[in-house]
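# Tertiary structure, described
Chain by chain, the residues:
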Amino acid sequence: GGEVVFMSSGEIAAGLAGGSIHVGVTGEDLLRETAADLDARVALVKPLNFGFADVVVAVPRSWIDVASMSDLDDLSDDFRQRHGRPLRVATKYLSLTRRFFAAHGITDYRIVASSGATEGAPASGIAELIVDITTTGATLHANNLKVLSDGVILKSQAQLAVSLTAKWTKSRRAALAHVLDRIAARDAAKDRYVISFQLAKRAPRLLAALEDAGCAVAHPPPGAGEIQCPERAMYDAVDLLRGAGATGITVRRAAYLFDAGNPLFDALADRLK
């Protein structure tokens, strides 16, 4: 068993990294902002295909000579000489910004912590450039900002994540294995169809043709037969069955497809303490 708690995305990220939460769903951007050593603290079990956002470095479009992080490095030296102070970077991603700028050799800048509409910082004079998340780029464009060519820090989305620093008892491991087994089986069944039919005779050529079409034979004829097919091959399989004289052809979506193992849990079992 377990307890489900609804928390903010930032609290989930902190709880996973700190070990007070065993399993959570939150954005990878928040996880990597929370812990520099994330891979030692949290296992990203499965991307969930929602909550897409890129963490990017964006500068004013009027900076026509600044298109890359290298250009920004050159500008930071010139900016210091002309203004007597460093470039200011508005962001709520302090750790990601520091690590990314350090990787590009940029050291002469100052972070301005932002908790509001970061994209408006350059226009309001709070900062010269920003590090923020974007999905379509429309908000950046509306604020006359552009993303540097190599300025994508992270392509983020929601992740199913498991804490490696939490205490994993035998019962908690079993509960996690059960949940991950169902998730993996649900994924395996995505776009898969089960086709049942009746065929009075053995049909090795039919079965070979079905396998060539991408189907798996779960129960061969004679008698009641059953195959599993990807969606793209479903109608071709029905045509093959009709051509062989099969009757009572029934097609249904697969809900779960369990493998011999538990792939999601098996991949991280040895890392749980």
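The residue numbers shown here count from 1 along each chain, following its written sequence. With the structure being a predicted model, the display of local features is reserved for residues of pLDDT at least 70 and the display and counting of side-chain atom pairs for 80 or more, all residues being used for whole-chain, interface and lining totals. Heavy atoms throughout the structure, all of them, feed into the side-chain values; hydrogens and water do not.

## Examining the sheet that holds strand 2 (residues 42–47)
Reading across from one edge, 1-8-2 is the order of the three strands in this open sheet, with antiparallel pairing throughout. Only two strands of the sheet have a single neighbouring strand rather than two, namely strand 1 (23–27) and strand 2. Within the sheet, the average angular offset between the axes of one strand and its neighbour, ignoring direction, is 35°. Contacts were defined at the residue level, with two residues in contact if any of their heavy atoms lie within 4.5 Å. Orientation is described by lines fitted to C-alpha atoms, with helices fitted over the stretch in contact, and by angles between N-to-C directions that extend from 0 to 180 degrees. Secondary structure follows DSSP: runs of H or I at least 4 residues long count as helices, runs of E at least 2 residues long count as strands, and numbering of each begins at the N terminus. Across the sheet, helix 1 (residues 9–18) touches strand 1, strand 2 and strand 8 (158–163), and the angle it forms with strand 1 is around 130°. Two strands are counted as paired when DSSP detects at least two bridges linking them.

## So, the nonpolar core
To qualify as a nonpolar core, a set must consist of buried Ala, Val, Leu, Ile, Met, Phe, Trp, Tyr and Cys residues joined through side-chain atoms within 4.5 Å. Type-normalised accessible area, obtained with a 1.4 Å probe on protein chains alone, sets the label of each residue: buried when under 20%, exposed when over 50%, and partly exposed for intermediate values. Val-57, Trp-63, Met-69, Leu-72, Phe-101, Leu-129 and Ile-153 are the most contacted members of the largest nonpolar core, which totals 23 residues. Listing elements by their share of this core, those giving two or more residues are strand 3 (53–60), helix 4 (69–83), strand 4 (87–91), helix 5 (94–103), strand 5 (109–113), strand 6 (129–134) and strand 7 (145–156). Counting residues per element, this core draws most heavily on helix 4, at four residues. For Leu-129, the residues in contact, after removing those within four places along its chain, are Val-57, Ala-58, Val-59, Trp-63, Leu-72, Leu-87, Arg-88, Val-89, Ala-90, Phe-101 and Pro-122. With 17 residues, the next largest nonpolar core counts Leu-206, Cys-229, Ala-237 and Val-238 among its residues.

## Section: the state of the cysteines
Pairs of cysteine sulfur atoms within 2.5 Å are what we label disulfides. Tallying each qualifying case throughout the model produces one disulfide. Cys-215 shares a disulfide with Cys-229; S-S distance 2.0 Å. When the S-S torsion is 105°, as for the bridge of Cys-215 with Cys-229, the disulfide is right-handed. Here Cys-215, found in the loop between helix 9 (204–212) and strand 10 (216–219), pairs with Cys-229, found in strand 11 (residues 223–230); they are 14 residues apart in sequence, far enough to count as distant. Neither residue differs from the other here; Cys-215 and Cys-229 are each classed as buried.

## Side note on unusual backbone geometry
A cis geometry characterises the amide bond from Pro-221 onward to Pro-222, with omega recorded as 15°. Mapped onto the elements of the fold, Pro-222 is located in the loop between strand 10 and strand 11. In this structure, Asn-49 takes a positive phi of about 60° despite not being glycine. Mapped onto the elements, Asn-49 comes out in the loop between strand 2 and strand 3.

All quantities given are derived from atomic positions and should not be read as evidence of function.
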